[in-house]
Structures are given as structure tokens and as C-alpha cells.
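# An overview of the molecular structure
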Amino acid sequence: MEQKSKDETIEKLESENQMLKEENSSIESMKKEIEEYKKKEEEYNSKSFFYRLTHKF
């Protein structure tokens, strides 16, 4: 009986561990997307700045 309880606990913890790994993976991919967006935004802003600077004259 005790062994069965331990096995169930281990299975439950393994499934929770797997879920956490999946969530962590999802969070990492979201972080990468945010970083890419920020880079694109910075690039756009710098191009926009130079465009405005050069086309005023």
C-alpha cells in the first residue's frame, strides 16, 4: 500500500514537472519574441530618426 502511494506521488510530480517544463519553454519563446520586437522597434526608430533628419533640409 505504501509503495503504491509513493508511485502515485512520483507520477503526479513527474506530470507536474513536465507541465512546468512546457510552460518554461513557452515563456522562453515569448521572451525571444519580445527581444526580436524590441530590436525591430529600435531599428525602425533609428531609421526614422535619420530619415527625418536628412529630409528636413
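The structure reproduced in this document is the subject of the present report. All of these numbers come straight from a predicted model, not from anything done at the bench.

Let us look at the overall build of the protein chain. Within the protein chain, the regular secondary structure consists of 1 helix and 0 strands. Rg of the C-alpha trace for the protein chain: 25 Å, well past the compact-globule value of 10 Å for 57 residues, more than 25% over. Dimensions of the protein chain, computed from C-alpha atoms along their principal axes, come out at roughly 85 × 5 × 5 Å. Split into buried and exposed, the 57 residues of the protein chain put 0% on the buried side. If the 12 positive side-chain charges of the protein chain are averaged to one point and the 15 negative ones to another, these points end up 10 Å apart.

Take the environment of E14 next. Tracing the backbone shows E14 in helix α1 (residues 2-55). A C-alpha to C-alpha distance of 61 Å links E14 and H55, two positions 41 residues apart in sequence.

A few words on a nonpolar patch on the surface. Nonpolar side chains collect at one region of the surface, where F49, F50 and L53 lie side by side and expose about 300 Å² of accessible area between them. As for its placement among the helices and strands, F50 is situated in helix α1.

Applying the stated rule across the entire model yields 2 salt bridges. Residue E43 pairs with K47 through a salt bridge whose shortest N-O separation is 3.2 Å. Placement of the pair is E43 and K47 together in helix α1, with a separation of 4 residues, close to one helical turn. Classification of E43 as partly exposed rests on a relative accessible area of 43%.

Another point: a negative patch on the surface. A grouping of D7, E8, E11 and E14 is seen on the molecular surface, where their side chains present a negatively charged patch. As for its position among the elements, E8 is in helix α1.

Conventions adopted
- Residues numbered from 1 in each chain as written.
- Predicted model: local features only at pLDDT ≥ 70, side-chain atom pairs only at ≥ 80, totals over all residues.
- Heavy atoms only, no water.
- Helix = DSSP H or I, 4+ residues; strand = E, 2+ residues; numbered from the N terminus.
- Rg over C-alpha atoms; globule rule 2.2 N^0.38 Å.
- Buried < 20%, exposed > 50% of the residue type's maximum accessible area, 1.4 Å probe, protein only.
- Lys, Arg positive; Asp, Glu negative; His and termini not counted.
- Charge placed at Lys NZ, Arg CZ, Asp CG, Glu CD.
- Patch = residues over 30% accessible without salt bridge, like charges linked within 9 Å, V, L, I, M, F, W, Y side chains within 5 Å.
- Areas by Shrake-Rupley, 256 points an atom, 1.4 Å probe, with all protein chains shown as cover.
- Salt bridge = Lys/Arg side-chain N within 4 Å of Asp/Glu carboxyl O.

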